[in-house]
Amino acid sequence: MTQENGSYKIPINVFTSIYQTLLSKGPIDINISKSVHSLDRVYVSFYTKPLETTGIPNKIKQAIYLKEFNYFFSPAVQNDPFCRYQASTDVTRIGLKLGSLNFPDSPLTSNSLCYYYLSKVHPETSISLKEYHTTKFISVFDLERAGASWDILARGIDTNNKNLSLIVEFPTDASKPQYVHVVMQNELMINIFNTHVDILE
């Protein structure tokens, strides 16, 4: 909480979840219709029901604990009984587009590159690279201003009146996931004045 211009400002993190069916291997342009004044991060994961599709190794299918909430589909281990990484089915391209801007500047083109960005944003992550390549594939796009400290307000990107979309593409040899799950983290600002309260999302 900070004090500025006679009011107290309280930032609150808000998470918005979007779950959508994928109809092709791409390139897929997924429109994200969410306008906020400070979009900080976007998390992207994929899901396929292990027991209802081909291409997923039996070793993963038989792991009955892989429910929707803890199984993040990875295209890079398809059709391999030992769940070994395969470059031929790795994600081809994934990135965010806001108007004419791209995040990152060049799209992410492999599992390993996605893992690098994840560990950079969350250095405390407990997901090993082996898990990441098999059942914990998740991408994160950090939109906070570089070097902004925790007490700076509105550190993210303003998406009001701008078209925000997710670009995804899988190789032709890969089986596409059934669903994509997008979680957006934005900052909601509560301004407390002597006479009233303003809420800015």
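Residues numbered from 1 in each chain as written. Predicted model: local features only at pLDDT ≥ 70, side-chain atom pairs only at ≥ 80, totals over all residues. Heavy atoms only, no water.

## Considerations on the side chain of histidine 122
Next, step 1: Considering the arrangement of structural elements, one finds histidine 122 in the loop between helix H2 (111-121) and helix H3 (129-134).
Next, step 2: Judged by relative accessible area, which is 18%, histidine 122 ranks as buried.
Next, step 3: Here tyrosine 43 takes part through its side chain, which lies 2.7 Å from a polar atom of the side chain of histidine 122. (Helix = DSSP H or I, 4+ residues; strand = E, 2+ residues; numbered from the N terminus. Buried < 20%, exposed > 50% of the residue type's maximum accessible area, 1.4 Å probe, protein only. Polar contact = N/O pair within 3.5 Å; in protein donor to acceptor, adjacent residues only side chain to side chain.)

## Looking at the side chain of serine 139
Next, step 1: Note that serine 139 resides in strand S7 (residues 138-142).
Next, step 2: By relative accessible area, serine 139 is classed as buried at 0%.
Next, step 3: Look past the residues within four positions of serine 139 in its chain and what remains in contact with it is Val42, Tyr43, Val44, Ile94, Cys114 and Tyr132. (Contact = heavy atoms within 4.5 Å.)

## Details of the pattern of salt bridges
Next, step 1: This model, assessed by the stated rule, comprises two salt bridges.
Next, step 2: Here aspartate 142 makes a salt bridge to arginine 41, at a shortest N to O gap of 3.7 Å. With aspartate 142 in strand S7 and arginine 41 in strand S4 (residues 39-47), this pair connects stretches of sequence that are 101 residues apart.
Next, step 3: The salt bridge involving arginine 93 is made with glutamate 169; its shortest N-O contact spans 3.2 Å. You can see arginine 93 sitting in strand S5 (residues 93-98) and its partner glutamate 169 sitting in strand S8 (residues 164-169), a full 76 residues away along the chain. (Salt bridge = Lys/Arg side-chain N within 4 Å of Asp/Glu carboxyl O.)

## Notes on the sheet that holds strand S6 (residues 101-108)
Next, step 1: Across the sheet, which stays open at both edges, the four strands sit in the order S3-S8-S5-S6 with antiparallel pairing between neighbours. The open sheet terminates on both sides in strands that have one partner only, identified here as strand S3 (28-31) and S6. Strand after strand, the sheet turns through a mean of 15 degrees between neighbouring axes, direction not considered.
Next, step 2: Relative to S6, S5 runs antiparallel, the two being bridged by four bridges. (Pairing = 2+ DSSP bridges. Axes fitted to C-alpha atoms, helices over the stretch in contact; angles between N-to-C directions.)

## With respect to a nonpolar patch on the surface
Next, step 1: A surface patch of nonpolar side chains, amounting to about 370 Å² of accessible area, comprises Tyr8, Ile192, Val197 and Ile199.
Next, step 2: Position of isoleucine 199 relative to the elements: it lies in strand S10 (residues 197-200). (Patch = residues over 30% accessible without salt bridge, like charges linked within 9 Å, V, L, I, M, F, W, Y side chains within 5 Å. Areas by Shrake-Rupley, 256 points an atom, 1.4 Å probe, with all protein chains shown as cover.)

## Structural notes on the confidence of the model for the chain
Next, step 1: Model confidence for the chain is summarised by a mean pLDDT of 80, while 81% of its residues fall at 70 or above.
Next, step 2: At the low end of the mean pLDDT range in the chain sits helix H1 (residues 58-61), at 59; at the high end sits S7, at 93. (pLDDT = per-residue confidence, 0-100.)

## So, unusual backbone geometry
Next, step 1: With an omega dihedral of -10 degrees, the bond running from phenylalanine 103 to proline 104 counts as a cis peptide bond.
Next, step 2: Locating proline 104 in the fold gives a position in strand S6.
Next, step 3: Although it is not a glycine, asparagine 161 adopts a positive phi angle of roughly 60 degrees.

## Brief notes about the nonpolar core
Next, step 1: Counting 38 residues, the largest nonpolar core has Val42, Val44, Phe46, Ile94, Leu96 and Leu166 as the members making the most contacts within it.
Next, step 2: If you list the elements that add at least two residues to this core, you get S3, S4, S5, S6, H2, S7, S8 and strand S9 (179-192).
Next, step 3: Considering every element that reaches this core, the biggest residue donor is S4, with six residues.
Next, step 4: Apart from the residues lying within four places of it in its own chain, the contact partners of valine 44 are Ile94, Ile138, Ser139, Phe141, Leu166, Val180, His181 and Val182. (Core = buried A, V, L, I, M, F, W, Y, C linked by side-chain atoms within 4.5 Å.)

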